[in-house]
Amino acid sequence: MASSAKAAASALAAASSKYGALWGRGYESLVDRRILSVTGTGDHATAYLQGLVTSDLTSEPTPPREEDMQNVHLMAGSAGAAEAAASEGPAEEEVPVRFTSKMRSTCFLDHRGRILTDALLWKRTSEGDDTKATTEYLIDVPGDSADLLFAHLKQHKLRRSKVKLADKSEELSVHAVYGTLNAEGAPPGYMAAMDPRHPSLGMRILSVGDEIVSADGDGDNASDANDEVPRDKRQRRFETLMNNYFAPTPGTYSVIRKLAGVAEGSEITSKTALECNQEFLNAVSFAKGCYLGQELTARSQFTGVVRKRIVPVMIADTDTEVPKPWVMAGMVQELGEEGGMERMFGEEAKNYKLKGYVPPPLPKMSAAGAGSIVSMVMGSMNLSGGNPQEGGEGGDNAEEDKLKLQQAEEDLQKLQQSGQKLQEEITELAVPGASIIDKSDGKTIGKIVSTPAPGTTVLLAQMRLDRLGLLGKQHRWSRTNKILIGDNSTKEFRYLPYLPLWWPEIDAETGKEKVAEEKEEEDELDEL
């Protein structure tokens with residue numbers, strides 16, 4: 001496993017919360033992100049962007065969905081153990097998780113209603129009355145789709161002389177901090193907020209203050225510091241600030257977001273918002289007025305059926321024992337909700353049912369929980385045990401313990417070697433656009449949209465929901481499945497999909513969020 005990924009995967013959660021287990025404490029500068037600026041006096045900048053983005057800039061953003069972690073633990077098996085163990089990590093004072101309009105998730109669409117890119121919007125307003133105040137939106141966008149978005153913004157600016165566009169990627173810097181839910185009290189010159197898509201993605205920090213780059217360098221490095229571009233100076237100063245509190249963990253964001261099932265940038269370009277789960281990530285408003293590309297998005301939500309979505313998928317060797325969460329999910333899909341619960345929980349199934357627990361058709365877990373399972377399957381863990389030399393009088397027992405430890409070490413080494421080989425095979429085959437083919441009937445059931453998370457075999461794929469057991473009744477997911485990756489491959493693998501914590505319950509008839517019966521009854525009464 002790559003060093004950055006191994007460090008991140010071994011440092012499981014700093015806190016356990018209503019948003020699931022968080023990743024271990026750390027920070028990094030997101031050097032692959034770009035920052036674009038839209039500025040205007042009064043409400044000109046807001047009005048301009050309001051017609052281009054899928055979110056509603058005139059209302060407060062919807063906070064991420066909270067999760068009943070008890071239900072997650074029931075079905076997650078070993079992943080649930082990771083969630084529970086998270087509470088044993090470094091504790092911090094519990095504070096309210098605040099999500100405000102100063103940062104929100106959104107998407108930009110083309111005229112067909114297809115995604116150009118996703119983005120995070122930062123908003124800051126200068127002092128002044130309503131007509132003279134200046135509002136600036138800083139668009140935090142993946143680097144691989146930034147040029148496409150900037151050209152799009154210029155194209156639709158037209159003659160709006162009171163709106164100014166700029167690329168501030170060399171002037172500002174963006175960072176992420178992991179293992180905390182507290183984004184309050186940012187130092188002067190910094191803007192901080194929890195990731196509005198889901199807190200498991202970390203706290204996002206933007207370095208914007210002029211005082212950060214205007215300070216003179218010191219010591220022997222003063223001359224070199226003065227020659228730095230503003231972005232590099234900001235990154236260096238942020239790292240100096242953070243080293244007193246958190247360890248640097250470069251590469252963590254790429255691991256976390258893929259384990260969390262979040263696709264972004266060019267991975268979702270030309271796809272529809274609902275296929276990419278953007279409504280689950282609070283990036284789409286179905287209540288706002290007209291915007292570019294709205295028709296397809298609205299039609300998909302109110303009249304259509306979503307037949308495929310992007311999900312995280314762990315690829316395993318067919319000889320590997322299927323982890324417990326997928327064994328339990330297989331029972332639910334094969335025997336139905338009641339039969340599956342009786343098989344899993346025995347007499348306790350009745351009590352869980354009375355409490356309203358409904359087992360999901362696939363495992364539901366956080367990025368930390370998924371990372372824990374990956375570590376076990378790939379052999380990325382340390383053996384622990386007593387010293388075989390200790391034990392006093394039991395000489396024979398000590399020798400026996402020593403032999404057992406040696407055997408365990410040999411087994412672990414074999415597991416690590418097979419895991420490394422599997423990683424290499426998947427990395428070679430699982431390129432964006434490659435097909436996932438079901439061996440049972442030769443049909444394509446999905447397309448890969450991202451390379452595997454570093455050091456893992458977890459990737460993001462746009463999968464047919466019916467083949468996951470999430471849509472209709474004709475197909476179901478089987479834990480004994482066999483797939484091929486790519487049109488020319490002959491090597492068989494097994495795919496183990498799971499549902500991120502931020503997913504709602506999916507309606508098996510529409511492929512969209514299931515509406516609670518109580519809400520449907522309330523709506524009917526309102527209509528009367």
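Draft legend 1. Region of interest: the overall build of the protein. Across its full length, the protein carries 15 helices and 19 strands. In the protein, buried positions account for 51% of the 528 residues. Surface exposure of the protein reaches about 25,100 Å², of which carbon and sulfur atoms provide 47%.

Draft legend 2. Just the packing of aromatic side chains, in detail. In total, this model carries six aromatic pairs according to the counting rule given. For the pair Tyr27 and Phe238, a centre-to-centre distance of 5.8 Å together with 80 degrees between the ring planes defines the contact as edge-to-face. Note that Tyr27 is positioned in strand 3 (residues 26-29) and Phe238 in helix 8 (residues 230-242), a separation of 211 residues in sequence. Residue classification places Tyr27 among the buried positions, given a relative accessible area of 3%. The structure contains a cluster of three or more aromatic residues connected by ring pairs, namely Tyr27, Tyr190 and Phe238. The cationic tip of Arg204 hangs over the ring face of Tyr253; the distance from NZ or CZ to the ring centre is 5.1 Å.

Draft legend 3. Quick look at the sheet that holds strand 5 (residues 103-109). Strand order in the open sheet formed by five strands is 5-6-7-4-8, with antiparallel pairing between adjacent strands. The two strands at the open ends of the sheet, each matched to only one other strand, are strand 5 and strand 8 (163-167). Going from strand to strand, the sheet's axes swing by 25 degrees on average, the running direction of each strand aside.

Draft legend 4. Just helix 9 (residues 252-259), in detail. Counting buried positions along helix 9 gives seven out of eight residues, so the element sits mostly inside the fold. Backbone geometry just after helix 9 places Gly261 at a positive phi near 80 degrees.

Draft legend 5. Region of interest: the state of the cysteines. Tallied over the entire structure, the rule returns zero disulfides. Left without a disulfide partner, Cys276 is nearest to the cysteine sulfur of Cys107, which lies 7.5 Å away.

Draft legend 6. Focus on empty space enclosed by the protein. Evaluation of the coordinates by the stated rule reveals five cavities of 30 Å³ or more. Counted as a void, the largest cavity has a volume near 60 Å³. Along the walls of the largest cavity sit Leu30, Arg33, Arg34, Ile35, Ser169, Leu172, Ser173, Val174, Arg231 and Gln235, which together make up its complete lining. Taken together, the elements giving at least two residues each to the lining of the largest cavity come down to strand 4 (33-41), strand 9 (173-178) and helix 8.

Draft legend 7. Fine view of the confidence of the model for the protein. Mean pLDDT over the protein: 84, with 78% of residues reaching 70 or higher. Here residues 1-16 scores under 50 on pLDDT; set against residues more than four positions off or in separate chains, the count is 48 contacts. Ignoring residues within four places in sequence, the model shows residues 78-93, a span with pLDDT below 50, making 42 contacts including any to other chains.

Draft legend 8. Expanded view of unusual backbone geometry. Phi at Leu158 is positive, roughly 50 degrees, even though this residue is not glycine. Mapped onto the elements of the fold, Leu158 is located in the loop between helix 5 (143-157) and strand 8. We note that Asn282 has phi near 65 degrees; this positive angle belongs to a residue other than glycine. Assignment of secondary structure puts Asn282 in the loop between helix 9 and helix 10 (294-302). Classification of Asn282 as buried rests on a relative accessible area of 17%.

Draft legend 9. Fine view of the nonpolar core. One finds Ile315, Trp326, Met463 and Tyr495 to be the most contacted residues of the largest nonpolar core, which totals 68 residues. When residues of this core are assigned to their parent elements, the largest contribution, seven residues, is made by helix 13 (residues 367-378). For Trp326, the residues in contact, after removing those within four places along its chain, are Met314, Pro363, Met365, Ile373, Trp477, Arg479, Leu496, Pro497 and Tyr498. Counting 20 residues, the second largest nonpolar core, distinct from the first, contains Leu121, Ile139, Ala146 and Leu153.

Draft legend 10. View of the sheet that holds strand 3. The strand order across the open sheet formed by four strands is 3-9-11-10, and the pairing between neighbours is antiparallel. Across the chains shown, the open sheet's two edge strands, defined by having one partner strand only, are strand 3 and strand 10 (190-194). If you compare each strand with its neighbour and ignore which way they point, the axes differ by 20 degrees on average. Across the sheet, helix 8 lies against strand 3, strand 9, strand 10 and strand 11 (203-207), angled at about 25 degrees from strand 9, the strand it touches most. Across the sheet, helix 9 lies against strand 3, strand 9 and strand 11, angled at about 65 degrees from strand 9, the strand it touches most.

Draft legend 11. Region of interest: the side chain of Arg467. Secondary-structure assignment places Arg467 in the loop between strand 16 (458-464) and strand 17 (483-485). A distance of 3.0 Å separates the side chain of Arg467 from the side chain of Asp438, its partner in a polar contact. For Arg467, the contacting residues outside a window of four places in its chain are Asp438, Asp441, Lys443, Ile445, His475, Arg476, Trp477 and Tyr495.

Draft legend 12. Focus on the side chain of Glu28. With respect to the element layout, Glu28 can be found in strand 3. Side-chain polar atoms of Glu28 contact the side chain of Tyr178, separated by 2.5 Å.

Draft legend 13. The arrangement of the environment of Ala461 in detail. Within the secondary structure, Ala461 sits in strand 16. Judged by its relative accessible area of 0%, Ala461 is buried. Sequence separation between Ala461 and Pro432 is 29 residues, and the spatial gap between their C-alpha atoms is 8.6 Å. Discounting chain neighbours no more than four positions away, the residues touching Ala461 are Arg309, Ile310, Val311, Val313, Ile436, Lys447, Ile448 and Val449.

The rules behind the values
- Residues numbered from 1 in each chain as written.
- Predicted model: local features only at pLDDT ≥ 70, side-chain atom pairs only at ≥ 80, totals over all residues.
- Heavy atoms only, no water.
- Helix = DSSP H or I, 4+ residues; strand = E, 2+ residues; numbered from the N terminus.
- Buried < 20%, exposed > 50% of the residue type's maximum accessible area, 1.4 Å probe, protein only.
- Areas by Shrake-Rupley, 256 points an atom, 1.4 Å probe, with all protein chains shown as cover.
- Phe/Tyr/Trp six-rings, centres within 6.5 Å; stacked < 30°, edge-to-face > 60°.
- Lys NZ or Arg CZ within 6 Å of the ring centre and 35° of its normal.
- Pairing = 2+ DSSP bridges.
- Axes fitted to C-alpha atoms, helices over the stretch in contact; angles between N-to-C directions.
- Disulfide = S-S within 2.5 Å.
- 1 Å grid on protein atoms, 1.4 Å probe; cavity = no way out; pocket = protein on both sides within 12 Å on 5 of 7 lines; lining within 4 Å.
- Points joined across faces, edges and corners; volume = space filled by probe spheres on them.
- pLDDT = per-residue confidence, 0-100.
- Contact = heavy atoms within 4.5 Å.
- Core = buried A, V, L, I, M, F, W, Y, C linked by side-chain atoms within 4.5 Å.
- Polar contact = N/O pair within 3.5 Å; in protein donor to acceptor, adjacent residues only side chain to side chain.

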